[in-house]
Amino acid sequence: MAVAAFKGLFNSKFHGNKMMERKSSGIRRVFVQTETGSVLGIELDRSDNAHTVKRKLQIALNVPIEERSLIFGDVVLKNDLSTVRNDSPLLLTKNFMHRSSSTPCLSPTGKDVQQRDQSGPIEILVCSDHFSRIRKLVREIVEAMKFGIDPIPVCGGLGGAYYFRDCQGENCAIVKPTDEEPYAPNNPKGFIGKALGQPGLKRSVRVGETGFREVAAYLLDYDHFANVPSTALVKVTHSIFNVNGEVNGTKQQERKEFSKIASLQQFIPHDFDASDYGTSSFPVAAVHKIGILDIRILNTDRHAGNLLVRKIDGGGGLDQVELVPIDHGLCLPENLEDPYFEWIHWPQASIPFSEDELEYISHLDPFRDSELLRMELPMIREACLRVLVVCTIFLKEAAISGLCLAEIGEMMSREFRGQQEEPSELEFICIEARRLLEERNILSDNVRAVENEFQFEIDCEEESDITYNLEKKLAPQACWPLGGNIRNPLSKVEENVEECTEEDGNIIPPRSDEYAFTAQEKAPTVPRLSMSMKNVSIGDKSWKHENVMQKNGYLSGTSSGNRSVNEQFAGSTRFVKLADMSEEEWVQYLENFQHLVYLAFSNRKSASVGQRQRQRLGTSCQF
């Protein structure tokens, strides 16, 4: 059942892509961004290919196109551009990403880009019903710009950001150009040195792609559940933007206008952020909703500074507050990273989920979420969507098992022991699911080899005991095709709790919901997957990593203090990689992962029940 469901979802994705290709066969408008940040809007017709697009860029922006490729998300575009959606951003980048940080931004010489690019001052790149609020904001901003009300730079943060204002001069939106992110070519605060598309602050989040993630977090916040402000990906043209290597005049009429791709988010008036307010007064529901979103999208940078606090007069002289989560540019990494959840030690996170929250979690569908992001943000990488699927399944299983927000966050977070960073419990499960997948692949290869040799022996009419040959060739393989018990690294758990037996009455019955596995499971039995799973050493491999920043006070994901950008965002160790699996392997991997997660939570619940029973027994024996 599970395999069929997964395959059906993937088949629908491929059919959806085919529909998209057919719809994209006519004239489309795309926005091409060079590795230095310059952007040009181009009309595509059926005769256009990657070479003609690059030639148009060379003429309009005076940029070199030799040894450069046109990129659309994970895809290197060549002759066929039918997969490119209308209003999609493309990236022109070097084939080999070796680049000097001192390379200047190349801009048009003697030619005005805006004469060739007829787009308006602000254009929403992805148009759908999800961005109605943003369209209204854009109209207000454009109207204000006509009256000479220009944006103003934001002083804080590591990247370039700008407050755009309405006709009353009030901040109504914050715009973050992709080429002004930390390490990007046009960063205005000195954090430069990489081209767009290279690994950034987090190794699994590339330079120039945090804006996509800001929009993804908004799209995934169904029914405004976590209160994420309206966000869209836009092309903005203005002279306020920073371009390293360019000298703009001090007078407005002397400044050049530059077009940039950026995230545009509704500005939320607020009183302060969570670091300036006592967290104990935060509403439990607000903390839970933000935590649920952070777990789904594996937010690696949820610190107090990106939780805005708005006071709401509750009457009776007591103030109530509303929480607004912002800055989601470091969510949905391409591989499992160590998340940072500011709320993990707040008292609200230890309170069980409410019935409404459990119902919301139960209706989450990671495959529907992935389809939504593919349609609205076609440039997003498939590996990011796989992280979304894994984390959402983990959240759903944890909620079913009765875990609270803090417990889930702890299972997703890594620990430091001495100078060693160890995988989280979630990562251990992912590692084991991958090991089982590799063993099945090895078995399949060996079975095919045996079948080929078997067929060869028949063709040669050799008189041998074929049954004996098959058994002899398959005997040495420690595989699990028929469900037998094998030696499992995850069973090397410290004996912190006694093993539960049927006599204890703590055996968890099989599940029968939409994600559960049916009878005759093919995955091995994994005994005692408990809370001490992080003490396991998988395959006798030590997890030793040098130069890992110790977590203390503010962790590696925070943006506080006077530390450098490298100190604030230490490169995380990569224990789990999801991008290198084929679609077929990914389906099988999810089967393994789902089964191991269910067993982990079942054993965790059994251990917890057993511990409570022993505590009651110990109390009753006291005199």
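Residues numbered from 1 in each chain as written. Predicted model: local features only at pLDDT ≥ 70, side-chain atom pairs only at ≥ 80, totals over all residues. Heavy atoms only, no water.

Operational definition: UniProt positions are given in the numbering used here, feature names are shortened, and annotations may be inferred rather than shown by experiment.
Named according to an unreviewed UniProt entry, the chain is 1-phosphatidylinositol 4-kinase originating from Gossypium raimondii. Listed in UniProt under the heading Sequence similarities (unreviewed entry), the comment for the chain reads: "Belongs to the PI3/PI4-kinase family. Type II PI4K subfamily."

1. Considerations on the overall build of the chain
Under the convention used in this document: Every helix listed is a DSSP run of H or I at least four residues long, and every strand listed is a run of E at least two residues long, numbered separately from the N terminus. Think of it in three bands: with a 1.4 Å probe and only protein chains considered, a residue is buried below 20% of the maximum accessible area for its type, exposed above 50%, and partly exposed in between. We call two residues in contact when some of their heavy atoms are within 4.5 Å. Accessible surface is estimated by sampling points in the Shrake-Rupley manner with a 1.4 Å probe; for residues, cover comes only from the protein chains shown.
Scanning the chain from N- to C-terminus turns up 14 helices and 16 strands. Within the chain, buried positions represent 53% of all 623 residues. Intrachain contacts of the chain at a sequence separation of at least 6 include 73% that bridge at least 24 residues. Per element, the accessible surface of the chain, about 28900 Å² overall, is 50% carbon and sulfur.

2. A closer look at the packing of aromatic side chains
Worth spelling out the cut-off: Here the aromatic set is Phe, Tyr and Trp, taking the six-membered ring for Trp, and pairing holds for ring centres within 6.5 Å; pairs whose planes are under 30 degrees apart are stacked, those over 60 apart are edge-to-face, and all others are tilted. Both a distance and an angle decide whether a charge sits over a ring: NZ of Lys or CZ of Arg must be within 6 Å of the ring centre and within 35 degrees of the ring normal.
For the structure on display, the rule yields 10 aromatic pairs. With a centroid separation of 4.9 Å and 20 degrees between ring planes, the pair formed by Phe272 and Tyr277 is classed as stacked. Between Trp586 and Tyr589, the ring centres sit 5.8 Å apart and the planes meet at 15 degrees, which makes this aromatic pair stacked. One end of the pair is Trp586 and the other is Tyr589, both in helix α14 (residues 583-620) and 3 residues apart, which spans about a single turn. Residue Tyr589 is classed as buried on the basis of its relative accessible area of 1%. Here the aromatic cluster, defined as three or more aromatic residues joined through ring pairs, consists of Phe272, Tyr277, Phe282 and Trp346. Looking at Lys194, its charged tip hangs above the ring of Tyr183, at a distance of 4.9 Å from the centre. When the ring centre of Tyr222 is taken as origin, the NZ or CZ atom of Arg368, which lies over that ring, is 4.8 Å away.

3. Some remarks on the sheet that holds strand β8 (residues 162-165)
Our working definition: The pairing criterion is simple: DSSP has to find at least two bridges between the two strands. Every angle, taken between N-to-C directions, lies between 0 and 180 degrees, and every axis is a line fitted to C-alpha atoms, over only the stretch in contact when it is a helix.
Taking strand neighbours across the sheet as the criterion, the 6 strands line up as β6-β10-β11-β9-β8-β7 in an open arrangement whose pairing is antiparallel. Two strands bound the open sheet, and with one partner strand each, they are β6 (122-124) and β7 (152-153). In this sheet, β8 lies alongside β7 in antiparallel orientation, the contact comprising 2 bridges. By the bridge assignment for β8, Pro153 is matched with Tyr162. Contacts between helix α4 (residues 132-146) and the sheet are confined to β6, β8, β9 (171-177), β10 (231-238) and β11 (258-266), with β6 contributing the most and set at about 170 degrees to the helix. This element, helix α5 (residues 210-220), spans β9, β10 and β11 of the sheet and lies at about 140 degrees to β10.

4. A closer look at the packing of helix α6 (residues 284-296) against helix α7 (residues 355-362)
Axis angle and axis distance: for two packed helices, these are the angle between their axes and the distance between the axes, and together they describe the pair. The test is simple: Relative orientations are named as follows: roughly parallel for angles under 35 degrees, roughly antiparallel for angles over 145 degrees, roughly perpendicular for angles from 65 to 115 degrees, and oblique for any other angle. Crossings are assigned a handedness: left-handed for a near helix turned anticlockwise from the far helix by less than a right angle, right-handed for a clockwise turn. Amino acids are sorted into nonpolar (Ala, Val, Leu, Ile, Met, Phe, Trp, Tyr, Cys and Pro), charged (Asp, Glu, Lys and Arg) and polar (every other residue, Gly among them).
One way to put it is that α6 packs onto α7 with a least axis distance of 11 Å and a crossing angle of 20 degrees. With respect to α7, the element α6 is oriented roughly parallel. Of the two elements, α6 crosses α7, and the hand of that crossing is right-handed. Taken together, the residues of α7 that come into contact with α6 (itself represented by Ala285, His288, Ile292 and Arg296) are Glu357, Tyr360 and Ile361. Looking at the contact of α6 with α7 residue by residue, the classes come out as 4 nonpolar, 1 polar and 2 charged.

5. Here we look at helix α2 (residues 50-61)
Rules: Here the expected length of a helix is defined as 1.5 Å per residue gap, with one fewer gap than residues. To obtain the arc, one takes the directions from the helix axis to the C-beta atoms. Two N or O atoms form a polar contact when they lie within 3.5 Å of each other; inside protein one atom must be a possible hydrogen donor and the other a possible acceptor, and for residues adjacent in sequence the pair counts only when both atoms belong to side chains.
An ideal rise of 1.5 Å per residue puts 16 Å on 12 residues; α2 measures up with 16 Å between its terminal C-alpha atoms. For α2, the full list of buried residues reads Ala50, Val53, Lys54, Leu57, Ala60 and Leu61. Looking straight down α2, one finds that the buried residues subtend no more than 130 degrees of arc, so they occupy a single side. The residue sitting at the N-terminus of α2 and contributing the capping side-chain oxygen is Asn49; that oxygen lies 3.0 Å from the backbone nitrogen of His51. Positive phi shows up at Asn62, right after α2, with a value of about 60 degrees.

6. Comments concerning the nonpolar core
Rule in force here: For the purposes of this section, nonpolar cores are sets of buried Ala, Val, Leu, Ile, Met, Phe, Trp, Tyr and Cys residues that join through side-chain atoms within 4.5 Å.
Formed by 129 residues in total, the largest nonpolar core has its most connected members in Ile122, Phe164, Leu373, Phe394, Tyr589 and Phe593. With near-sequence residues (within four places) excluded, Phe164 lies in contact with Ile122, Ile141, Met145, Pro151, Glu170, Asn171, Cys172, Ala173, Val175, Val236 and Phe241. Counting 8 residues, the second largest nonpolar core, distinct from the first, contains Ile71, Tyr183, Ala184 and Val207.

7. Quick notes on the packing of helix α9 (residues 382-400) against helix α10 (residues 405-412)
Look at α9 against α10: their axes get within 11 Å of each other, and the N-to-C directions meet at 140 degrees. Between α9 and α10, the interaxial angle falls into the category oblique. Viewed along their axes, α9 and α10 form a crossing whose handedness is right-handed. Two secondary-structure elements touch here, α9 through Cys391, Phe394, Leu395 and Ala398 and α10 through Ile408, Met411 and Met412. Grouping the amino acids of the contact of α9 with α10 by side-chain chemistry returns 7 nonpolar, no polar and no charged.

8. Considerations on the pattern of salt bridges
Two side chains carrying opposite charge are able to pair once their charged atoms lie near each other. Rules: Salt bridge criterion: a side-chain nitrogen from Lys or Arg within 4 Å of a carboxyl oxygen from Asp or Glu.
Tallying each qualifying case throughout the model produces 27 salt bridges. The salt bridge involving Lys176 is made with Glu214; its shortest N-O contact spans 3.3 Å. Placement of the pair is Lys176 in strand β9 and Glu214 in helix α5, with a sequence separation of 38 residues. Across the pair Arg381 and Glu209 runs a salt bridge whose closest N-O atoms are separated by 2.7 Å. Residue Arg381 is found in the loop between α8 (366-376) and α9, and its partner Glu209 is found in the loop between β9 and α5; the two are separated by 172 residues along the sequence.

9. Focus on the sheet that holds strand β1 (residues 28-34)
Taken together, the 5 strands give an open sheet; going across it, the order is β2-β1-β5-β3-β4, and neighbouring strands pair in mixed fashion. Since the sheet does not close on itself, it has two edges, and those belong to β2 (39-44) and β4 (75-77), each with one partner. For this sheet the average axis-to-axis angle between neighbouring strands, irrespective of direction, equals 35 degrees. Both strand β3 (residues 68-72) and strand β5 (residues 89-94) contribute to a ladder of 4 bridges, which runs antiparallel. Note that in β5 the partner of Ile71 across the bridge is Leu91. Contacts between α2 and the sheet are confined to β1, β2, β3, β4 and β5, with β2 contributing the most and set at about 135 degrees to the helix.

10. Description of the pairing of β9
Every other side chain in a regular strand lies on the same face of the sheet, so the side chains alternate between the two faces. Counting buried positions along β9 yields 5 of 7 residues, so the element is predominantly enclosed. The antiparallel pairing of β8 with β9 creates a hairpin that spans 5 residues between the two strands, and Gly169 there sits at a positive phi of about 80 degrees. Here β9 runs beside β11; their pairing, made up of 5 bridges, is antiparallel. Bridge pairing in β11 links Ile174 to Gln265.

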